[in-house]
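Report on the structure
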Amino acid sequence: MESTQKKSSARPVHRSDRIKQIFALVSMVSFGGSAIFGIFSLFSSGLSSQHQQKPTPMAVSQESLLAAQERGYETVLQREPQNQTALEGLANVRLQMNNKVGAIEPLEKLVKLNPDRADYKALLGQAKGK
């Protein structure tokens, strides 16, 4: 009688282990499938967004960035009119914006503050069209 009890008690344990193994396998396959699907959708959305980008917003953002830099340098120069870093930055930003007339004033101040700097004189000459 003991041998039949052992067999019957051993059998359900084996069956429950088998069920656990099947459940674990199904869980792993489901997780792997969802991970692969997520990675695939991530890459496909990234590729499609690259094709939809237009160069126009880039140019607009560049202009707005330069305008913001110009305002920043002007604010610094209102507090510190002799600030050479702000003068140089303002002149460079205005030259990048093709505003040669606007770049003349900060370049003249830079030449006045640094008469030995040939690069400032050269930039001033280019801005004036000489």
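Up top you'll find the structure we're talking about.
A brief structural summary. (Residues numbered from 1 in each chain as written. Predicted model: local features only at pLDDT ≥ 70, side-chain atom pairs only at ≥ 80, totals over all residues. Heavy atoms only, no water.)

**Things to note about the overall build of the protein chain**
Heads up, the condition is: Starting at the N terminus, helices and strands are each numbered in turn, a helix being any DSSP run of H or I of at least four residues and a strand any DSSP run of E of at least two. For every residue, the accessible area obtained with a 1.4 Å probe (protein chains only) is divided by the maximum for its type, and the residue is called buried under 20%, exposed over 50%, and partly exposed between those limits. Per-residue and other accessible areas were derived by the Shrake-Rupley procedure at a 1.4 Å probe size, with only the shown protein chains allowed to occlude residues.
For the protein chain, the helix and strand inventory stands at five helices and zero strands. When the helices and strands of the protein chain are placed in sequence order, the string is α-α-α-α-α. Taking all 130 residues of the protein chain together, the buried fraction comes to 18%. Summed over all atoms, the accessible surface of the protein chain reaches about 10400 Å², with 61% contributed by carbon and sulfur.

**Some details on the packing of aromatic side chains**
Note the threshold: Centres within 6.5 Å are what make two rings of Phe, Tyr or Trp a pair, Trp counting through its six-membered ring; a difference in plane orientation under 30 degrees is then read as stacked, over 60 as edge-to-face, and the rest as tilted. When the NZ atom of lysine or the CZ atom of arginine is within 6 Å of a ring's centre and also within 35 degrees of its normal, the charge is said to sit over that ring.
The tally for this structure, following the rule as stated, stands at zero aromatic pairs. The positively charged end of Arg-117 is found above the aromatic ring belonging to Tyr-120, 4.2 Å away from the centroid.

**Observations concerning the nonpolar core**
Worth spelling out the cut-off: Nine residue types can take part in a nonpolar core, namely buried Ala, Val, Leu, Ile, Met, Phe, Trp, Tyr and Cys, and a core is a set of them joined through side-chain atoms within 4.5 Å. Here a residue-residue contact requires only that any non-hydrogen atoms of the pair lie within 4.5 Å.
Counting 13 residues, the largest nonpolar core has Leu-77, Leu-107, Leu-110 and Leu-124 as the members making the most contacts within it. Elements that contribute at least two residues to this core include exactly helix 3 (84-96), helix 4 (100-113) and helix 5 (118-128). Per-element tally for this core: the top contributor is helix 4, with five residues. If sequence neighbours within four positions are ignored, Leu-107 has contacts with Ala-91, Tyr-120, Leu-123, Leu-124 and Ala-127.

**Remarks on the packing of helix 4 against helix 5**
Any two packed helices are characterised by how steeply their axes cross, that is the angle between the axes, and by the distance between the axes. The criterion, for reference: Whenever a helix is involved, its axis is fitted only over the stretch in contact; in every case the axis is a line through C-alpha atoms, and angles between N-to-C directions fall within 0 to 180 degrees. For classification purposes, angles smaller than 35 degrees are called roughly parallel, those larger than 145 roughly antiparallel, those between 65 and 115 roughly perpendicular, and all remaining angles oblique. By convention, the crossing between two helices is left-handed when the near helix turns anticlockwise from the far helix through less than a right angle, and right-handed when the turn is clockwise.
Running from N to C, helix 4 and helix 5 cross one another at 155°; their axes reach a closest spacing of 9 Å. By the angle between their axes, helix 4 is roughly antiparallel relative to helix 5. The chirality of how helix 4 crosses helix 5 is left-handed. Contact with helix 4, carried on its side by Lys-100, Ile-104, Leu-107, Glu-108, Leu-110 and Val-111, involves Tyr-120, Lys-121, Leu-123, Leu-124, Gln-126, Ala-127 and Lys-128 of helix 5 and no other residues of that element.

**Regarding helix 4**
Note the threshold: Multiplying one less than the number of residues by 1.5 Å gives the expected span of a helix. Consider a residue and the seven residues that end there alongside the seven that start there; fitting an axis to each set, the bend is the angle between those axes.
In this model helix 4 runs 20 Å from its N-terminal to its C-terminal C-alpha over 14 residues, within 8% of the 20 Å that 1.5 Å per residue would give. Maximum bend of helix 4: about 25°, positioned at Pro-106. Within the sequence span of helix 4, burial applies to Gly-102, Ala-103, Ile-104, Pro-106, Leu-107, Leu-110 and Val-111. Looking at the buried residues of helix 4, the elements they touch are helix 3 and helix 5.

**Thoughts on unusual backbone geometry**
Comment: phi is negative for the bulk of residues other than glycine, and the bulk of peptide bonds are trans. Phi at Asn-98 takes a positive value of approximately 60°, unusual for a residue other than glycine. Along the polypeptide, Asn-98 turns up in the loop between helix 3 and helix 4. Among the residues examined, Asn-98 registers a relative accessible area of 66% and is labelled exposed.

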